[in-house]
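Single-letter residue listing:
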Amino acid sequence: MTNAQWELQKAVYQALAADAAIKAEVGEPARIFDDPPPDAIFPYLTLGEARATDWKGVDGGLEHDLRLYVFSRYAGRREVKRILSAVYDALHEAALTLSGHDLVNIRFVFADAFRRTDGETYQGVARFRAVTMSQ
């Protein structure tokens, strides 16, 4: 199970890092982190929580719940929403390649944008559901 999760994370990262719209929003090379450095330049994306469960009735199949986070210091939610839109375009129903696994699909579930308690940082979250099968 863990290998499928890692392969999916790598494929998601590669798709985002190669996407022109993502790079236009978060720089080139794209500021996409698993664990952002304390001095990360805004805006940036982080790979968030990832859960995997058995895909009922399919041997070797997994359902993945993925979260991606956007952080911005732009005044208002505009920048966060533009980045969330680019993430949607890059990942929703994307044909990602995973080593040792097949991606059945990856689909957008929801997005949210809000101001953090520090009063100056805006955050967005995008959730995706993916299904993989072992080869």
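Just so we're clear, the structure is a prediction, and the values are computed from it rather than from any experiment.

Calculation rules
Residues numbered from 1 in each chain as written. Predicted model: local features only at pLDDT ≥ 70, side-chain atom pairs only at ≥ 80, totals over all residues. Heavy atoms only, no water. Helix = DSSP H or I, 4+ residues; strand = E, 2+ residues; numbered from the N terminus. Buried < 20%, exposed > 50% of the residue type's maximum accessible area, 1.4 Å probe, protein only. Core = buried A, V, L, I, M, F, W, Y, C linked by side-chain atoms within 4.5 Å. Contact = heavy atoms within 4.5 Å. Polar contact = N/O pair within 3.5 Å; in protein donor to acceptor, adjacent residues only side chain to side chain. Phe/Tyr/Trp six-rings, centres within 6.5 Å; stacked < 30°, edge-to-face > 60°. Pairing = 2+ DSSP bridges. Salt bridge = Lys/Arg side-chain N within 4 Å of Asp/Glu carboxyl O.

(A) Representation of the environment of A40 within the structure. Mapped onto the secondary structure, A40 falls in the loop between strand 1 (32–33) and strand 2 (44–54). For A40, a relative accessible area of 12% gives the class buried. Residues A40 and F71 lie 31 residues apart in sequence; the distance between their C-alpha atoms is 10.0 Å.

(B) Quick look at the nonpolar core. Residues V12, L16, I22, V87, L96 and I106 are the most contacted members of the largest nonpolar core, which totals 31 residues. Mapped onto this core, the elements with two or more residues apiece are helix 1 (2–18), helix 2 (20–26), strand 2, strand 3 (61–72), helix 3 (78–91), strand 4 (101–115) and strand 5 (122–134). Ranked by residues supplied to this core, first place goes to helix 3 with seven residues. Sequence-distant contacts of I106, defined by excluding residues within four places in its chain, comprise V12, L66, L91, H92, E93, A94, L96, F128, R129 and A130.

(C) Spotlight on the side chain of E7. With respect to the secondary-structure elements, E7 resides in helix 1. For E7, a relative accessible area of 10% gives the class buried. At 3.2 Å, the side chain of E7 and the side chain of K10 are in polar contact.

(D) Representation of the packing of aromatic side chains in the model. Summed over the entire model, instances satisfying the criterion amount to five aromatic pairs. Judged by centre distance (5.3 Å) and plane angle (45°), the rings of F42 and Y44 are tilted. Overall, the relative accessible area of 9% leaves Y44 in the buried class. Measuring from centroid to centroid gives 5.1 Å for Y88 and F108, while their planes differ by 80°, and the two rings are edge-to-face. Taken together, the positions of Y88 in helix 3 and F108 in strand 4 put the pair 20 residues apart, joining distant regions of the chain. Overall, Y88 belongs to the partly exposed group, its relative accessible area being 33%. Put simply, the rings of F33, F42, Y44 and F71 pair up and form one aromatic cluster.

(E) Structural detail: the pairing of strand 4. Pairing analysis gives 13 bridges linking strand 4 to strand 5, with the strands arranged antiparallel. Residue pairing across strands places F110 opposite R127, the latter belonging to strand 5. The hairpin turn running from strand 4 into strand 5, its antiparallel successor, is six residues long, and G119 in that turn takes a positive phi close to 80°.

(F) Highlighting the sheet that holds strand 2. Strands sit in the order 1-2-3-5-4 across an open sheet of five strands; the sheet is mixed. At either margin of the open sheet sits one strand with a lone partner, and together these are strand 1 and strand 4. The pairing of strand 2 with strand 3 spans nine bridges and is classified as antiparallel. The residue of strand 3 that forms the bridge with T53 is E63.

(G) Region of interest: the pattern of salt bridges. This model, assessed by the stated rule, comprises nine salt bridges. When the shortest N-O distance is used, the salt bridge between D65 and R67 registers 3.4 Å. In this structure, D65 and R67 share a single accessibility class: buried. Each of R51, D65, R67 and R127 takes part in salt bridges that share partners, so that together they form one network.

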